[in-house]
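Letter by letter, the chains look like this.
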Amino acid sequence: EEFMFFRLLGEACMGAGRNRDAIQALQHSLQLHPRNRDSLSMLGLLYVLEGEGAEVGLSLCQKAIAMDEAEPDHFFRLASALFHLGNLNEALASVRSALRIKKNHDQAVLLRGRIYERLGLTHQARQSYQRIMIMKTASDSRKKLARVRLKKLAVKETIPVSGGKER
């Protein structure tokens, strides 16, 4: 169907970092099929990322979840939006929901690591990044990101604090 073309185009544009094009494609997809859950949650995340309205974006993500609570990507997108907005505890709850549905959701595990890192929970962040490294289903690009985050954590831990002591 035509709506599927625009949904996939929106997803591809989003993956390529062309968020404005993704928004247009997903809006068109929703004009053709207003109840498409994937289009709703992707558009919601993009609205938040692009500063088009946090309330509207979050409500679209939540609407997609209400329509399909078994899809981990909807929870992941909500968690991503909340993380972007700095709502770390809510983002952590949402990413945990995604991981309860699909424990090897590599994007969610990586995001959980970022959330833990921002919360100052270095040990938990490191565990999340190390988990990505051993996941057979994790993409090479996500493994590379996990390696980068692990290196940054290692550097932070060796930076001298007051009195010249290492952490």
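Report follows, based on the coordinates. Because the structure is a prediction, the values reported are computed rather than measured.

What counts and how
- Residues numbered from 1 in each chain as written.
- Predicted model: local features only at pLDDT ≥ 70, side-chain atom pairs only at ≥ 80, totals over all residues.
- Heavy atoms only, no water.
- Core = buried A, V, L, I, M, F, W, Y, C linked by side-chain atoms within 4.5 Å.
- Buried < 20%, exposed > 50% of the residue type's maximum accessible area, 1.4 Å probe, protein only.
- Helix = DSSP H or I, 4+ residues; strand = E, 2+ residues; numbered from the N terminus.
- Contact = heavy atoms within 4.5 Å.
- Expected span 1.5 Å × (residues − 1).
- Axes fitted to C-alpha atoms, helices over the stretch in contact; angles between N-to-C directions.
- Parallel < 35°, antiparallel > 145°, perpendicular 65-115°, else oblique.
- Left-handed = near helix turned anticlockwise from the far one by under 90°.
- Nonpolar A, V, L, I, M, F, W, Y, C, P; charged D, E, K, R; others polar.
- Phe/Tyr/Trp six-rings, centres within 6.5 Å; stacked < 30°, edge-to-face > 60°.

**Side note on the nonpolar core**
Step number 1: If you look at the biggest cluster of nonpolar residues, it comprises 32 residues, and the most contacted ones within it are V95, L111, I115, Y129 and I132.
Step number 2: The element best represented in this core is helix α5 (residues 72-85), accounting for 7 residues.
Step number 3: In this view, I132 contacts D106, V109, L110, A138, R142, K143 and A146; residues no more than four positions away in its chain are not counted.
Step number 4: Counting 12 residues, the second-largest nonpolar core is a separate cluster that includes L26, L40, L46 and L60.

**As for helix α7 (residues 106-119)**
Step number 1: Over its 14 residues, α7 runs 20 Å from end to end, which matches the ideal 20 Å to within 8%, given 1.5 Å per residue.
Step number 2: Along α7, 10 of the 14 residues are buried, which leaves the element largely enclosed by surrounding structure.
Step number 3: For α7, the complete set of buried residues consists of D106, A108, V109, L110, L111, R112, G113, I115, Y116 and E117.
Step number 4: Tucked into the core, α7 has its buried residues touching α5, α6 (88-101), α8 (122-134) and α9 (140-158).

**Regarding the side chain of S80**
Step number 1: Its place among the elements puts S80 in helix α5.
Step number 2: Residue S80 is classed as buried on the basis of its relative accessible area, which comes to 14%.
Step number 3: When neighbours within four sequence positions are excluded, S80 is seen to be in contact with L45 and L111.

**A closer look at the packing of α7 against α9**
Step number 1: The N-to-C vectors of α7 and α9 enclose an angle of 15 degrees; their axes lie 11 Å apart at closest approach. The angle between α7 and α9 falls in the class roughly parallel. Crossing angle aside, the handedness with which α7 passes α9 is left-handed. Listed contacts from α9 to D106, Q107, L110, R114 and E117 of α7 are R142, L145, A146, R149, L153 and K156.
Step number 2: Partitioned by chemical class, the residues of the contact of α7 with α9 number 4 nonpolar, 1 polar and 6 charged.

**So, the environment of A93**
Step number 1: Among the secondary structure elements, A93 is positioned in helix α6.
Step number 2: A93 sits 14 residues away from A79 along the chain, and the two C-alpha atoms are 7.8 Å apart.

**Thoughts on the packing of aromatic side chains**
Step number 1: Tallied over the full model, the rule gives 1 aromatic pair.
Step number 2: When the centroid spacing of 5.1 Å and the interplanar angle of 80 degrees are considered together, the rings of F5 and F6 count as edge-to-face.
Step number 3: The class for F6 is buried, based on a relative accessible area of 17%.

**Here we look at the packing of helix α3 (residues 37-49) against α5**
Step number 1: At their nearest, the axes of α3 and α5 sit 9 Å apart, and the two run at 10 degrees to each other. By the angle class used here, α3 and α5 are roughly parallel. Residue-level inspection shows R37, D38, S41, M42, L45, V48 and L49 of α3 in contact with α5, the latter providing H74, R77, S80, A81, H84 and L85.
Step number 2: Partitioning the contact of α3 with α5 into residue classes produces 6 nonpolar, 4 polar and 3 charged.

**What to know about the environment of F76**
Step number 1: The residue F76 is located in helix α5 in this model.
Step number 2: Along the sequence, F76 and A125 sit 49 residues apart, while their C-alpha atoms lie 17 Å from each other.
Step number 3: With residues up to four places along the chain from it excluded, the contact list for F76 reads A98, H105, Q107, A108 and L111.

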